[in-house]
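Chain by chain, the residues run as shown.
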Amino acid sequence: MAVHLHVCFIYFLVIGTLIAVHQFCVYSSGSDGPVLLLLHGGGHSALSWAVMTRILLDQCQCQVLAFDSRGHGATVTHNPDDLSADSQARDIDSIIQALYHGSPPPVVLVGHSMGGAIAVHAASLKLIPSLVGLVVIDVVEGSAMSALSSMQTFLRSRPQSFESLERAIEWSIRAGQIRNKDSARISMPGQLEKVAATQDTSDTTTGIEGTIDEEGRSASQGATGHMPQSTEHKYVWRIDLSKTEQYWKGWFQGLSQKFLSCPASKLLLLAGVDRLDKDLTIGQMQGKFEMHVLPKVGHGVHEDSPDKVADVLSHFLVRNKFAQPKGNYRRSLPAC
């Protein structure tokens with residue numbers, strides 16, 4: 001089943017000097033209102049926001065920018081393995097400067113998982129003078145730091161390759177990585193690349209393994225199996241996240257205090273209330289940020305339930321008078 005998206009401009013933004021040139025793959029949609037700059041999670045791509053963006057643009061007047069982070073998707077940088085919080089935050093600054101030449105419109109940073117941590121880091125560095133809003137989706141310092149010890153185990157447990165995109169999409173849905181079929185069909189191709197198949201096909205998997213997200217939560221368990229490869233190509237993960245371990249702590253350390261200290265309007269969107277740590281619990285009781293908890297979703301909140309996330313985001317934008325509502329605007333569920 002095809003998913004029809006709003007008109008979306010895709011372009012490659014070249015940033016740099018003669019010494020170092022970066023080429024970022026940027027997706028843009030909408031023409032008026034504040035700019036929502038969407039930052040994806042580790043291993044994903046800007047395509048993970050596609051279905052949610054379509055719904056959001058029907059609900060309020062805004063512009064959406066999403067880009068493939070360094071080392072991810074179709075973006076090419078001279079140092080793709082440098083996924084430090086500082087480097088990724090400065091990529092955001094470089095992209096905004098290149099697009100708006102020092103006069104950006106009001107900006108709302110929206111980040112999921114790793115992207116949420118980078119959004120907070122960029123806000124704490126005060127890199128965006130026109131920042132008016134900060135939205136963090138399903139990443140909390142306490143649970144994220146606790147889960148780091150299990151990340152390598154999870155990465156080893158995933159299928160290392162797939163014989164086709166269809167197999168990869170099927171795995172993502174059945175394993176619980178992405179619970180929405182439309183999202184999976186768009187998102188998974190951005191996570192994989194096509195390579196020549198080798199004679200040794202023992203790593204090509206068509207069964208299901210348990211998954212643990214970036215905060216260490218197990219999704220499902222099942223049988224695994226291996227099949228001989230019948231094609232000349234296979235699909236492998238675009239980025240080897242196991243090699244980025246040196247940066248993991250830097251993404252999440254101090255995240256709660258940085259989030260709470262940001263003067264912009266703040267929204268925390270979670271898959272479960274148990275994610276809150278002490279600092280955020282106190283901050284939420286003091287009314288320092290808006291919070292919503294969505295039921296029946298996994299870690300990929302915006303992919304599993306794009307309509308509800310769009311509802312929450314549009315309500316946040318309209319309530320704070322950042323954007324005007326449109327015909328399909330719906331008031332979101334009360335904050336928890």
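Our structure's up above, just so we're on the same page.
The structure presented is a predicted model; accordingly, all values stated were derived computationally and were not measured. Note that residues are indexed from 1 along each chain, following the sequence as it is written. Under the rules for a predicted model, residues below a pLDDT of 70 receive no local features and side-chain atom pairs below 80 are neither given nor counted, while totals for whole chains, interfaces and linings still include all residues. Values shown for side chains rest on all heavy atoms present in the structure; no hydrogens or waters enter the calculation.

**Some words on the pairing of strand E6 (residues 131-137)**
Throughout, exposure labels follow a simple rule: accessible area from a 1.4 Å probe, protein chains only, divided by the maximum for the residue type, with under 20% read as buried, over 50% as exposed, and the rest as partly exposed. Helix numbering and strand numbering both begin at the N terminus, where a helix is a DSSP run of H or I of at least 4 residues and a strand a DSSP run of E of at least 2. The element E6 is largely enclosed, with a buried count of six among its seven residues. Pairing of strand E5 (residues 107-112) with E6, which is carried by six bridges, proceeds in the parallel orientation. Bridging across to E6, Leu109 finds its partner in Leu134. By definition, the crossover connecting two strands over a helix is right-handed if that path, from the first strand to the second, turns clockwise as seen with the strands pointing away from the viewer. The β-α-β motif built from E5, the intervening helix H3 (residues 114-124) and the parallel element E6 has right-handed crossover chirality. By definition, two strands form a pair when at least two bridges between them are found by DSSP. Alignment of E6 against strand E10 (residues 265-270), held across five bridges, turns out to be parallel. Bridge pairing in E10 links Gly133 to Ser265.

**Remarks on empty space enclosed by the protein**
As defined here, a cavity is a set of points on a 1 Å grid over the protein atoms alone where a 1.4 Å probe fits but cannot get out. A pocket is an open set with protein on both sides within 12 Å along at least five of seven lines, and residues line them when an atom is within 4 Å of a point. Grid points are joined across faces, edges and corners, and a volume is the space filled by probe spheres set on the points. Tallying each qualifying case throughout the model produces five cavities of 30 Å³ or more. Approximately 60 Å³ is the volume found for the second largest cavity. Lining the second largest cavity are Phe24, Leu39, His40, Phe67, Ser69, Arg70, Gln88, Asp91, Ile92, Met114, Gly115 and Ile118. For the lining of the second largest cavity, the elements supplying multiple residues, two or more each, are helix H2 (85-100) and H3.

**Looking at H3**
The buried fraction of H3 is high, at 10 of 11 residues. By definition in these notes, contact holds between two residues if any of their heavy atoms fall within 4.5 Å. Residues of H3 that are buried in the fold lie against strand E3 (35-39), H2, E5, E6, helix H7 (245-252) and helix H8 (255-261). Where H3 ends, the next residue or the one after it, Lys126, has phi of about 55°, a positive value.

**With respect to the environment of Pro295**
As for its placement among the helices and strands, Pro295 is situated in the loop between strand E11 (290-293) and helix H10 (301-304). Classification of Pro295 as partly exposed rests on a relative accessible area of 43%. Along the primary structure Pro295 and Ser305 are separated by 10 residues, whereas in three dimensions their C-alpha atoms are 9.4 Å apart.

**A word on the state of the cysteines**
A pair of cysteine sulfur atoms is labelled a disulfide when the two atoms are within 2.5 Å. A complete count under the given rule lists zero disulfides for this structure. Residue Cys62 stays outside any disulfide, its sulfur separated by 4.0 Å from that of Cys60, the closest cysteine. Accessibility expressed as a relative area gives 2% for Cys62, which makes it buried.

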